[in-house]
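The primary structure of each chain is shown beneath.
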Amino acid sequence: MKSLIDILDFTVEELQELIDTANDIIEHPAAYSERCRGKKLATLFFEPSTRTRLSFEAAMYELGGNVIGFSEAASSSAAKGESVADTAKVISCYADIIAMRHPKEGAPLVAAMNASIPVINAGDGGHNHPTQTLADLLTIYREKGGFENLTVGFCGDLKFGRTVHSLINALSRYAGVRVVLISPEELKLPSYVKKDVLAAKGVPYEQTTDLESVMPRLDILYMTRVQRERFFNEEDYLRLKDSYILTPEKLKNAKAELCIMHPLPRVNEISVAVDDDPRACYFKQVLYGKYMRMALILKLLKEAGTL
Ligand code: CP
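(A) The nonpolar core, seen in detail. Core analysis: the largest hydrophobic core is formed by 59 residues, its most contacted members being Phe154, Ile168, Leu171 and Ile297. Of the residues forming this core, the biggest block, 10 residues, is contributed by helix 10 (residues 282-303). Two domains each put at least three residues into this core: domain 1 (7-128 + 287-303) and domain 2 (130-285). Ignoring sequence-local partners within four residues, the contact set of Ile168 consists of Phe154, Leu181, Leu189, Val193, Val197 and Leu198.

And the structure:
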């Protein structure tokens with residue numbers, strides 16, 4: 001049973017197939033409005049979410065399907081001690097596909113190993129967020145026309161930012177990509193991502209604490225929120241939370257074609273004064289996420305033999 005737990009579960013060709021389907025949905029939405037008639041998506045969210053859960057739900061409705069699920073662990077039988085494995089077996093009796101977010105890294109993988117329907121990782125702890133990466137890839141593709149030879153700056157909480165880990169994994173497979181890692185010392189990209197992804201794939205990268213010094217070289221600037229919920233103490237969070245705040249002033253030396261991205265939610269990392277800059281792509285990213293999730297649901301249901 002094909003699931004999406006890690007972005008590397010899909011080949012570059014499969015990612016392109018999803019991008020092509022999403023672009024076709026954007027062009028011809030009516031042609032897709034009945035594709036999932038009679039099918040059910042279960043959204044099992046053990047952690048808060050606005051974009052991911054609601055875009056999955058909107059995606060399934062726009063495909064003509066239905067949605068069941070819960071938005072917090074407290075309203076599910078997890079609160080009574082039910083395991084992720086048992087939850088996956090139970091939901092397999094009710095739905096055709098699962099989207100799961102969980103605070104524990106690896107929980108969606110456990111679900112996939114126990115479910116008899118496809119499971120989509122909608123974010124697991126500080127580990128991965130592959131469907132955000134699908135939204136990010138469509139944004140880059142539509143803004144830049146492809147992925148080759150881009151210099152991509154990741155700024156903020158690179159330690160706990162699961163969207164960063166997944167996107168670096170995805171981009172490391174395209175030729176000529178260069179990565180600039182911009183973070184405070186305490187929030188640097190984990191060594192395992194540097195070693196197993198960037199170094200292993202021969203992706204040139206540099207690390208800095210100074211956003212403005214690297215700004216003129218960037219094609220993509222991927223801002224991130226400092227992940228308060230993953231910190232062990234509030235004092236460290238308060239000290240680091242405003243390490244980077246993108247303002248129009250800081251963009252003065254940026255390329256005219258820079259693409260500014262953020263998985264959202266934002267707290268203070270991007271001033272609202274940047275929102276009207278034509279280079280701000282983070283709200284387009286939200287919309288593209290819905291189309292990529294539609295393409296993903298179609299692909300996984302087809303591969304499961306359900307469609
Ligand atoms: N980008 C993202 O995952 O947002 P939510 O936490 O609102 O789903």
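Now that the structure is up, let's keep going.
(B) Region of the structure containing the packing of helix 5 (residues 130-144) against helix 10. At a minimum axis distance of 8 Å, the contact between helix 5 and helix 10 shows a crossing angle of 115°. Considering the angle they form, helix 5 stands roughly perpendicular to helix 10. The two elements helix 5 and helix 10 meet at a crossing, and its hand is right-handed. For the pair helix 5 and helix 10, contact is made by Thr131, Gln132, Leu134, Ala135, Asp136, Leu138, Thr139, Arg142 and Glu143 and by Lys284, Gln285, Tyr288, Gly289, Tyr291, Met292, Arg293 and Leu296, respectively. Looking at side-chain class alone, the contact of helix 5 with helix 10 contains seven nonpolar, five polar and five charged residues.

(C) Molecular detail of the site of the ligand. Every residue near the ligand is listed here: Ser49, Thr50, Arg51, Thr52, Arg101, His129, Gln132, Pro263 and Leu264. In this structure, Thr50 approaches the ligand through a main-chain N or O atom, which is 2.8 Å from an oxygen atom. Within the side chain of Arg51, an N or O atom sits 2.8 Å from an oxygen atom of the ligand. The protein chains hide 91% of the 260 Å² of surface that the ligand would expose on its own. Given that more than half its atoms are within 2 Å of the pocket grid, the ligand belongs to the largest pocket. The class makeup of the residues in the shell around the ligand is two nonpolar, five polar and two charged. Taken domain by domain, the shell around the ligand gets at least three of its residues from each of domain 1 (7-128 + 287-303) and domain 2 (130-285).

Analysis parameters
- Residues numbered from 1 in each chain as written.
- Predicted model: local features only at pLDDT ≥ 70, side-chain atom pairs only at ≥ 80, totals over all residues.
- Heavy atoms only, no water.
- Core = buried A, V, L, I, M, F, W, Y, C linked by side-chain atoms within 4.5 Å.
- Buried < 20%, exposed > 50% of the residue type's maximum accessible area, 1.4 Å probe, protein only.
- Helix = DSSP H or I, 4+ residues; strand = E, 2+ residues; numbered from the N terminus.
- Domains from an automatic or database assignment.
- Contact = heavy atoms within 4.5 Å.
- Axes fitted to C-alpha atoms, helices over the stretch in contact; angles between N-to-C directions.
- Parallel < 35°, antiparallel > 145°, perpendicular 65-115°, else oblique.
- Left-handed = near helix turned anticlockwise from the far one by under 90°.
- Nonpolar A, V, L, I, M, F, W, Y, C, P; charged D, E, K, R; others polar.
- Near = heavy atom within 4 Å.
- Polar contact = N/O pair within 3.5 Å; in protein donor to acceptor, adjacent residues only side chain to side chain.
- Areas by Shrake-Rupley, 256 points an atom, 1.4 Å probe, with all protein chains shown as cover.
- 1 Å grid on protein atoms, 1.4 Å probe; cavity = no way out; pocket = protein on both sides within 12 Å on 5 of 7 lines; lining within 4 Å.
- Sits in = over half its atoms within 2 Å of the grid points.

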